[in-house]
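# Residue-level structural notes
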Amino acid sequence: MMRFRFWLSAALVLGFAAPDADALAAEHPLTLMQQIYRLPDPDFDVFYDKKRRRQFYTARIVRLIEKKEACFRQKFKMDELDFNYIVPGQDYKIHSLTLSLIAHDEGSARVRVELSGPDTKAGLDYRLENDAGRWLVDDVVIDADNTLSKSLDGPC
């Protein structure tokens, strides 16, 4: 991870053209997470924006989101979901953010995201899959019983 940050920083300092987001995401799973987790506010639109979510989530998760959105429209008359797994809870203040690569091979990776602040402390494990050279989120795990896929696939 340190070597990745060093080369990215060196490229920017020396004035090399920065590669596009898709090229960076293909190189390393942490790059995808860095695109989502920006301080002071993460990029929640990667979950809510119908076009952008396909750049960040696997087809399986996109299908589950769309299914849950349809249920929310029908049952609650809401256009979008009232939750995401980027930041647990609606009130948060992030002062410290750590992204750690836990496991990585050519087809899958796990990234640990740790958030902390005055009223916020959370740890999330992202499960990523490499889909034709692009790293995509396939699940987010808070604990064994609390995952993004279970929430999306559960009752409305």
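Before reading on, note that the structure itself is shown above.
Residues numbered from 1 in each chain as written. Predicted model: local features only at pLDDT ≥ 70, side-chain atom pairs only at ≥ 80, totals over all residues. Heavy atoms only, no water.

The next thing to look at is the overall build of the protein. Within the protein, the regular secondary structure consists of six helices and five strands. Traced from its N-terminal end to its C-terminal end, the protein shows the element sequence α-α-α-α-α-β-β-β-β-β-α. Burial status across the protein gives 37% buried among its 156 residues. In the protein, the proportion of contacts linking residues at least 24 apart, taken out of those at least 6 apart, comes to 52%. (Helix = DSSP H or I, 4+ residues; strand = E, 2+ residues; numbered from the N terminus. Buried < 20%, exposed > 50% of the residue type's maximum accessible area, 1.4 Å probe, protein only. Contact = heavy atoms within 4.5 Å.)

Further remarks concern unusual backbone geometry. The step from Leu 39 to Pro 40 runs through a cis peptide bond, and the omega angle for that step is 10°. Looking at where Pro 40 falls in the secondary structure, it is placed in the loop between helix 3 (29–36) and helix 4 (45–48). Positive phi outside glycine occurs at Lys 77, with the angle close to 60°. If you trace the backbone, Lys 77 turns up in the loop between helix 5 (59–76) and strand 1 (96–104). On the basis of relative accessibility, which here comes to 68%, the residue Lys 77 falls in the exposed class. Even without being a glycine, Ala 132 presents a positive backbone phi close to 55°. Residue placement: Ala 132 occurs in the loop between strand 3 (120–131) and strand 4 (134–143).

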